[in-house]
Every structure is written in structure tokens, then in C-alpha cells.
Amino acid sequence: MSSIEQSGTFALGDRTVKRLGYGAMQLAGPGVFGPPKDHGAALAVLREAVASGVDHIDTSDFYGPHVTNRLIREALHPYSDDLVIVTKIGARRGDDASWLPAYAPEELTQAVHDNLRNLERDVMDVVNLRVMFDPHGPAEGSIEPTLTVLAKLQQQGLVRHIGLSNVTPTQIAEGKRIAKIVCVQNQYNLAHRNDDALIDDLARDGIAYVPFFPLGGFSPLQSSTLSDVAKRLGATPMQVALAWLLRRAPNILLIPGTSSLGHLRDNLATAEIVLPDDAMKELDGVAGVGVESPQH
Ligand SMILES: NC(=O)c1ccc[n+]([C@@H]2O[C@H](COP(=O)([O-])OP(=O)(O)OC[C@H]3O[C@@H](n4cnc5c(N)ncnc54)[C@H](OP(=O)(O)O)[C@@H]3O)[C@@H](O)[C@H]2O)c1
């Protein structure tokens, strides 16, 4: 058994993926804008992730824009049959690197075609609708007009499965009436736990929950409890933060982001860490500490 298989597996649409995956956002330039600072290093991270057994990569054409998808294609095409690439649509980048909604039917359609072209795929495995009523966190509002467009693209055979990102439970319920929802991608980590109840509800329905900013995103998690537990277990704080997520619920799929081979190796080694009950309990108390301001 390769070490990351020890993280277990969960269904993502009609595929089963390992619970330790990889998020590609950090491969773009500063502010997730423009090319990477080291093109070769970015390719090396992607290749090592897959060589280590990662079969779930999260990306978007608005990372760069177009940068991470093109890196994925350059590093990994032709793709192995078991690789699931998940993208998201619903946003675009301004010239000043801002994150703007892109909800018009033609923008959503173009976004799916851009992802297909840049990744060199005929069909996307999973496309998340990234809801942008408030770019920084879930906010109520009907997703029917946008999700209906994505559902049509699915009916046309361009998209196998649909997920939702930055959404409320009400929007998920609305979404389920329009299309089968296979995953939800919201901000969640040891310190930012607004979705605790939602995760358990989704687990009961067999829907994957994919936390973004699992390590705190642009402001990595910092907590003395986290550091203490890590020291006791002979692990790094970031590994413990990931191990906590793996134990938190069986439907959590991890996509930690890194541009560093060393961090990638650390993150994938998390599969071998089993948090004892007392450590889980201590870490459960961290919520509310070190909450960072959300980004995309
Ligand atoms: N749906 C959405 O709206 C949304 C929003 C944000 C992100 N995402 C997705 O979620 C993925 C994960 O989020 P994220 O990458 O923003 O944040 P993250 O995984 O919480 O953290 C990434 C940050 O942690 C650092 N890091 C990674 N591994 C580390 C380690 N072992 N030790 C120390 N530092 C480490 C990275 O720097 P180095 O590069 O130096 O390692 C980077 O600064 C993204 O890649 C993206 O695919 C989705």
C-alpha cells in the first residue's frame, strides 16, 4: 500500500479518490496572478504529487488566469485514467488581479470550454460552481440561474459531475433540485468551523466535502495547541492540522496547496499520522483561534 492510501478513499461522483489530494492554486504567481516564480519547480510538484499516488487535483482557469491549468497539462498530459481533475467556474480576474463574478450564461459556457482547452480534456470530471454573492464567504441568494447553465453543459456531455463552492446549506438544497451535487468546497479548517453541521449532513448523503484553506490559506494556521500536539507526535503543525481534518469526518477530501516539494512531501505523509483521541479533543478546542480573512 502506498503511504497516501492510508488516508482512505471517498466517492467523488462515479469515481473513488484517495482522501489526500492536491490543490494547484499556489502554483500561480503572487496573488494567484501570472506565471509561477519557478516554472520547473511547479511542474516538479505536480509530477511528484501524482507519482506519490495523488488522484485528485483541484484547479481553476481563474488561477493565473489559465496558469495552473496549463501547468497541469504540461506536467501531466496524457493523464492517467485514475486522475480526477476538479475545476471551478463562476469567477474571473480583473486586470488588477481582482476576483469578479462571471455569471452570465456565455461566461459560464466559455469558462467550461477554457478549462477543457487549457487542460486538453474532452470532458471535465467535476466542475464546481463558485458562488460569488460575497466572494469572501457564503451569502444567500438563488443559484438557480447559474446552476441551470452548468446543468445544461452537463447534459451536453462537457461536464461529468457538478459541485458547489462558497455556498450555504439553503443553496445546496436549491442546487440538489437542479442537478446531482457530488461535492461542496467551502472554507474550513481547525480554526474556521462554520460548516461543522453541514459536513455531517453531507456525510450522511454521501457528498464529499472539500475544505479550501485547510492549512489557513494565505495566513497559515498558528496555535500553541497545534504546536504542542505536533511536538508530542513528532509531526509538523501543518501535518497535524491535516490529520485533524482526515479524522474529523469520512467525507472530507483534502486538497492542501503548495508550491514546494518539501511541503508536498510533508502533506502527503499526513496519511500515516493517526491522531489519538486526546489530541483530537485538544485540537477541537482550537476553533476561533487564528481565523484568517478569506480569499479565493
Ligand atoms: N473554492 C474556493 O473558493 C477556493 C479558495 C481557495 C483555495 N481553493 C483551493 O483549495 C486549495 C487549498 O487552499 P490553499 O492552497 O489556498 O491554502 P492551504 O492549503 O490552506 O495553504 C496553502 C499555504 O500553506 C503553505 N503550506 C502548504 N503546505 C505546507 C506545509 N507542509 N508546511 C508549511 N506551509 C505549508 C503554502 O506555502 P508553500 O507554497 O510555500 O508551501 C501556502 O502558503 C487551493 O490550492 C485551491 O485549489 C479553493
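To be clear, the structure that these remarks concern was listed above.
Residues numbered from 1 in each chain as written. Predicted model: local features only at pLDDT ≥ 70, side-chain atom pairs only at ≥ 80, totals over all residues. Heavy atoms only, no water.

Draft legend 1. The overall build of the chain, seen in detail. Along its length, the chain carries 10 helices and 11 strands. Against the globule reference of 19 Å for 296 residues, the chain gives a C-alpha radius of gyration of 18 Å, in line with a compact fold. Overall, the C-alpha framework of the chain stretches about 55 × 40 × 40 Å when taken along its three principal axes. Looking at the chain as a whole, 54% of its 296 residues qualify as buried. (Helix = DSSP H or I, 4+ residues; strand = E, 2+ residues; numbered from the N terminus. Rg over C-alpha atoms; globule rule 2.2 N^0.38 Å. Buried < 20%, exposed > 50% of the residue type's maximum accessible area, 1.4 Å probe, protein only.)

Draft legend 2. Layout of the pattern of salt bridges. The final tally for this structure, using the stated rule, is 16 salt bridges. In this structure, Asp125 and Arg15 form a salt bridge, with 3.6 Å as the shortest nitrogen-oxygen distance. Of this pair, Asp125 sits in strand 8 (residues 124–130) while Arg15 is found in strand 2 (residues 15–18), placing the two residues 110 residues apart along the sequence. The class for Asp125 is buried, based on a relative accessible area of 6%. (Salt bridge = Lys/Arg side-chain N within 4 Å of Asp/Glu carboxyl O.)

Draft legend 3. Local environment of helix 8 (residues 237–248). Here helix 8 is 12 residues long and its end C-alpha atoms lie 16 Å apart, about the 16 Å a rise of 1.5 Å per residue gives. Summarising burial for helix 8: 9 of the 12 residues are buried, a large majority. Burial in helix 8 covers these residues: Gln239, Val240, Ala241, Leu242, Ala243, Trp244, Leu245, Leu246 and Arg248. Among the structural elements, helix 6 (196–204), helix 7 (224–233), helix 9 (261–269) and helix 10 (277–284) are those in contact with the buried residues of helix 8. (Expected span 1.5 Å × (residues − 1). Contact = heavy atoms within 4.5 Å.)

Draft legend 4. Spatial organisation of unusual backbone geometry. That bond from Gly64 to Pro65 is cis: its omega, -10 degrees, falls within 30 degrees of zero. Relative to the assigned elements, Pro65 resides in the loop between strand 4 (56–58) and helix 2 (67–76). Residue Pro78 is bonded to the preceding His77 through a cis peptide linkage, with omega at 0 degrees. For Pro78, the position within the fold is in the loop between helix 2 and strand 5 (84–89). The phi torsion at Glu120 lies on the positive side, around 55 degrees, for a residue other than glycine. Note on placement: Glu120 falls in the loop between helix 3 (105–119) and strand 8. Here Phe213, not a glycine, exhibits a phi torsion of approximately 60 degrees, which is positive.

Draft legend 5. Spotlight on the packing of helix 3 against helix 4 (residues 144–155). Following both chains from N to C, one finds helix 3 and helix 4 inclined at 40 degrees, their axes separated by 10 Å at the closest point. Our classification of the angle between helix 3 and helix 4 gives oblique. In this structure, the crossing between helix 3 and helix 4 has a hand that is right-handed. Contacts from Pro105, Leu108, Thr109 and Val112 of helix 3 reach helix 4 at Thr146, Val149, Leu150 and Leu153. (Axes fitted to C-alpha atoms, helices over the stretch in contact; angles between N-to-C directions. Parallel < 35°, antiparallel > 145°, perpendicular 65-115°, else oblique. Left-handed = near helix turned anticlockwise from the far one by under 90°.)

Draft legend 6. Just the sheet that holds strand 11 (residues 208–209), in detail. The strand order 3-4-5-8-9-10-11 describes an open sheet built from 7 strands, whose pairing is parallel. Each edge of the open sheet is held by one strand with a lone partner, namely strand 3 (22–23) and strand 11. Where strand 3 meets strand 4, 2 bridges bridge the pair, whose relative direction is parallel. The residue of strand 4 that forms the bridge with Gly23 is Asp58. Packed on one face of the sheet, helix 3 meets strand 5, strand 8 and strand 9 (159–165) and runs near 150 degrees to strand 5. (Pairing = 2+ DSSP bridges.)

Draft legend 7. Just the nonpolar core, in detail. If you look at the biggest cluster of nonpolar residues, it comprises 87 residues, and the most contacted ones within it are Tyr22, Leu46, Ile57, Ile72 and Leu150. By residue number, the principal contributor to this core is helix 8, which donates 7 residues. Residue contacts for Ile72: discarding those within four places in its chain leaves Ala24, Leu46, Ile57, Thr59, His77, Tyr79, Ile85 and Leu119. Counting residues in each nonpolar core, the second largest holds 12 residues, with Phe10, Val17, Val84 and Val126 among its members. (Core = buried A, V, L, I, M, F, W, Y, C linked by side-chain atoms within 4.5 Å.)

Draft legend 8. Looking closely at the packing of helix 2 against helix 3. Across the interface, helix 2 lies against helix 3 with an axial gap of 8 Å and an inter-helix angle of 30 degrees. Contacts between helix 2 and helix 3 involve Asn69, Arg70, Ile72 and Arg73 from the former and Asn115, Arg117, Asn118 and Leu119 from the latter. Considered class by class, the residues forming the contact of helix 2 with helix 3 number 2 nonpolar, 3 polar and 3 charged. (Nonpolar A, V, L, I, M, F, W, Y, C, P; charged D, E, K, R; others polar.)

Draft legend 9. Quick look at the packing of aromatic side chains. Within the structure shown, the criterion is met by 8 aromatic pairs. A ring pair is formed by Phe62 and Trp99, whose centres lie 5.9 Å apart and whose planes are at 85 degrees; its orientation type is edge-to-face. Note that Phe62 is positioned in the loop between strand 4 and helix 2 and Trp99 in strand 7 (residues 99–101), a separation of 37 residues in sequence. Just as Phe62 is buried, Trp99 falls in that class too. Between the aromatic rings of Tyr188 and Trp244, the centroid separation amounts to 6.0 Å while the plane-to-plane angle is 20 degrees, which identifies the pairing as stacked. In this pair, Tyr188 is assigned in the loop between strand 10 (181–185) and helix 6 and Trp244 in helix 8, connecting sequence segments 56 residues apart. Judged by its relative accessible area of 0%, Tyr188 is buried. An aromatic cluster of at least three residues, connected via ring pairs, comprises Phe62, Tyr63 and Trp99. Above the face of the Trp99 ring, Arg93 is positioned so that its terminal group lies 3.6 Å from the ring centre. (Phe/Tyr/Trp six-rings, centres within 6.5 Å; stacked < 30°, edge-to-face > 60°. Lys NZ or Arg CZ within 6 Å of the ring centre and 35° of its normal.)

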